[in-house]
Amino acid sequence: MTETKTKASFFIKVGKFLIPLLLLVAGGAAYSYFKATAPVMRRATPQRQVTAVDVQTVQKQDVRTVVSAMGSVVAARQVTLKAQVAGTIMSVSSRFIPGGLIPQGAELLSIDPSDYEVAVQKARSALSDAKASLAIEQGSQTIAREELRLISDLSTDGVAQTDLALRKPQLQQAQAAVTSAEADLRQAMLDLNRTVVKAPFNAMIITRDVNVGTSVGAQESLVALVGTDEYWIEAVVSLDQLSLIDMDHPGGCPALVRSQAGQGQWQGRVIQIAGKLNATSHMATVIIAIKDPLGAGANLAAGRLMIDDYVNVDITGRQLEGVIELPRSVLQDGNTVWVNTHNTLDIRPVSLAWKSVDKVYLKSGVQPGEAVVMSALSTPVQGMALKIAGADVHEPKSNMAGKGDIQ
């Protein structure tokens, strides 16, 4: 029994020594295995990153500027006709409706003329009576002069020929009565003529305020008209573009007007720059005249331009000489462009002569023959390598080493 216990104690002591030793051996073997089979990092030759871009070779040229603007159509001539005499509307024109076209001098409406015809007759009678009184007084003048001559012949001292003795005041009174009667007749005839209301110019009816049977007083509104020979476009233009509009151009700068509501387009001319900025936008207002806006003559194919329509306007401005034209998309922040210089990127500041909606025109910063980058670059860096899209670029091999791919 004692011997058995001694053997067990021996094995326990040996186990305590051997187990750690076996673990160390196994760990060393595992370390050696993993070290022998681990991947090896090898240094490879770096490849230079080259960005392919589209370019445009630029040249200087003379460019006629076009100022684009938006505006609205207004009447060049607009008037509200008012009654000059009172009465009842007796008749109206068949075109006496909103939108009706009335030629100059055509009758719009008539007011009952009865009272005014009577007034004309009375004035004529009064004039005849005044003329008769004048004739009688002229006869009395002859008698007065003869009587005064006879008295002077019979009197030894003579008789003074005074104005009263010659009835000159009475003659002046009679002449004044004739003049007043003539004026009354002219006034009565004017009132009679004013019972017929005519169009003062070629016009279109905008609104009508009366119809047959309406009783009107003097100075009461009858109808609102706009002239149809010419409309105006009030276009809003930024202040920096005003210098491009040549107000000394014979007949005014040409302008092409296109309706936003329809398909028509009209030729116009800039006739004036308003002397006041737009209250809302603080931009300048340019007035453009459109002849024959309703297409009655030369503009027949253009159709009818509507009052209060919103339009797009392209004004032909001054000519820029020796500028470089580029798409507006190539202009970067801070008025710079990207230039491909010997296959490297040059971020170049430029000076603008003018920019339109889709174009920019450079007056300095880029030279003729240089290649401007047209492509978008996500992270442009001065001096970065470029190549023209579609062209092969062979880079020399480098001996510089660095971290590469896992082999």
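Residues numbered from 1 in each chain as written. Predicted model: local features only at pLDDT ≥ 70, side-chain atom pairs only at ≥ 80, totals over all residues. Heavy atoms only, no water.

Time to look at the pairing of strand β12 (residues 221–227). Along β12, six of the seven residues are buried, which leaves the element largely enclosed by surrounding structure. In terms of strand pairing, strand β5 (residues 78–82) meets β12 through five bridges, oriented antiparallel. Paired with V79 across the two strands is L225, which belongs to β12. With five bridges connecting them, strand β10 (residues 203–208) and β12 associate as antiparallel partners. Across the sheet, the residue bridging to R208 is V223, located in β12. (Buried < 20%, exposed > 50% of the residue type's maximum accessible area, 1.4 Å probe, protein only. Helix = DSSP H or I, 4+ residues; strand = E, 2+ residues; numbered from the N terminus. Pairing = 2+ DSSP bridges.)

As a further point, take the pattern of salt bridges. Taken as a whole, this structure holds seven salt bridges when the rule is applied. Residue D314 is joined to R258 by a salt bridge in which the shortest nitrogen-to-oxygen separation is 2.8 Å. Within this pair, whereas D314 is found in strand β17 (residues 310–327), its partner R258 is found in strand β14 (residues 254–259), the two being separated by 56 residues in sequence. On the accessibility criterion, R258 (29% relative accessible area) is partly exposed. A salt bridge links R348 to E370; the nearest nitrogen and oxygen atoms lie 3.1 Å apart. Linking R348 in strand β19 (residues 344–349) with E370 in the loop between β21 (359–364) and β22 (371–373), this pair joins segments that are 22 residues apart in sequence. Here the residues in one salt-bridge network are D346, R348 and E370, joined through shared partners. (Salt bridge = Lys/Arg side-chain N within 4 Å of Asp/Glu carboxyl O.)

Let us now look at the nonpolar core. Within soluble globular proteins, side chains that are nonpolar tend to cluster in buried spots. In this structure, I233, I288, L305, V313 and I315 are the most contacted members of the largest nonpolar core, which totals 30 residues. Mapped onto this core, the elements with two or more residues apiece are β4 (60–75), β13 (230–237), β14, β15 (265–273), β16 (284–291) and β17. Ignoring anything within four residues of it in the chain, the contact list for L305 reads V73, Y231, I233, W266, I290, P293, L294 and V311. In terms of nonpolar packing, the next biggest core, distinct from the first, is built from 21 residues, A83, I89, I111 and L225 among them. (Core = buried A, V, L, I, M, F, W, Y, C linked by side-chain atoms within 4.5 Å. Contact = heavy atoms within 4.5 Å.)

This next bit is on the pairing of β13. As defined by bridge partners, β4 adjoins β13 across six bridges and the pair is classed as antiparallel. Residue pairing for β13: A75 is matched across the bridge by Y231. Pairing of β13 with β16, which is carried by eight bridges, proceeds in the antiparallel orientation. Residue pairing in the sheet places E230 in a bridge with K291 of β16.

Should the pLDDT be low somewhere, the predicted coordinates at that spot are not to be read in detail. In this model, the chain carries an average pLDDT of 83, and 80% of its residues clear a pLDDT of 70 or more. In the predicted structure, residues 393–407 sits below a pLDDT of 50 and forms 16 contacts with residues beyond four places in sequence or in another chain. (pLDDT = per-residue confidence, 0-100.)

What follows covers the sheet that holds strand β18 (residues 336–341). The sheet built from four strands is open, its strands ordered β3-β22-β18-β19 with antiparallel pairing. Among the strands making up the open sheet, the edge pair consists of β3 (55–57) and β19. Averaged over all pairs of adjacent strands, the angle between strand axes in this sheet comes to 40°, irrespective of strand direction. The pairing of β3 with β22 spans three bridges and is antiparallel. Looking across to β22, one finds that Q56 is bridged to V372. (Axes fitted to C-alpha atoms, helices over the stretch in contact; angles between N-to-C directions.)

Pairing in this open sheet of four strands is antiparallel, and the strands run β9-β8-β6-β11 from one edge to the other. The two strands at the open ends of the sheet, each matched to only one other strand, are β9 (196–198) and β11 (215–216).

Right, let's get into the side chain of D346. On the secondary structure map, D346 appears in strand β19. At 2.7 Å, the side chain of D346 and the side chain of R348 are in polar contact. Only 3.1 Å separates the side chain of D346 from the side chain of Q382, close enough to count as a polar contact. Excluding anything up to four places from it in sequence, D346 contacts V337, W338, V339, T341 and Q382. (Polar contact = N/O pair within 3.5 Å; in protein donor to acceptor, adjacent residues only side chain to side chain.)

The final tally for this structure, using the stated rule, is one aromatic pair. Plain terms: the ring middles of W354 and Y361 are 4.9 Å apart, the flat faces sit at 10° to each other, and that makes the pair stacked. Judged by its relative accessible area of 7%, W354 is buried. (Phe/Tyr/Trp six-rings, centres within 6.5 Å; stacked < 30°, edge-to-face > 60°.)

To continue, consider the environment of Q104. Structurally, the position occupied by Q104 is in the loop between β7 (101–102) and β8 (107–111). With near-sequence residues (within four places) excluded, Q104 lies in contact with A199, P200, F201 and N202.

With respect to the secondary-structure elements, A75 resides in strand β4. The exposure class assigned to A75 is buried, which follows from its relative accessible area of 17%. The spacing of A75 and T228 is 153 residues in sequence and 8.3 Å in space, taken between C-alpha atoms. Contact partners of A75, with chain neighbours within four places excluded, come to V226, W232 and I307.

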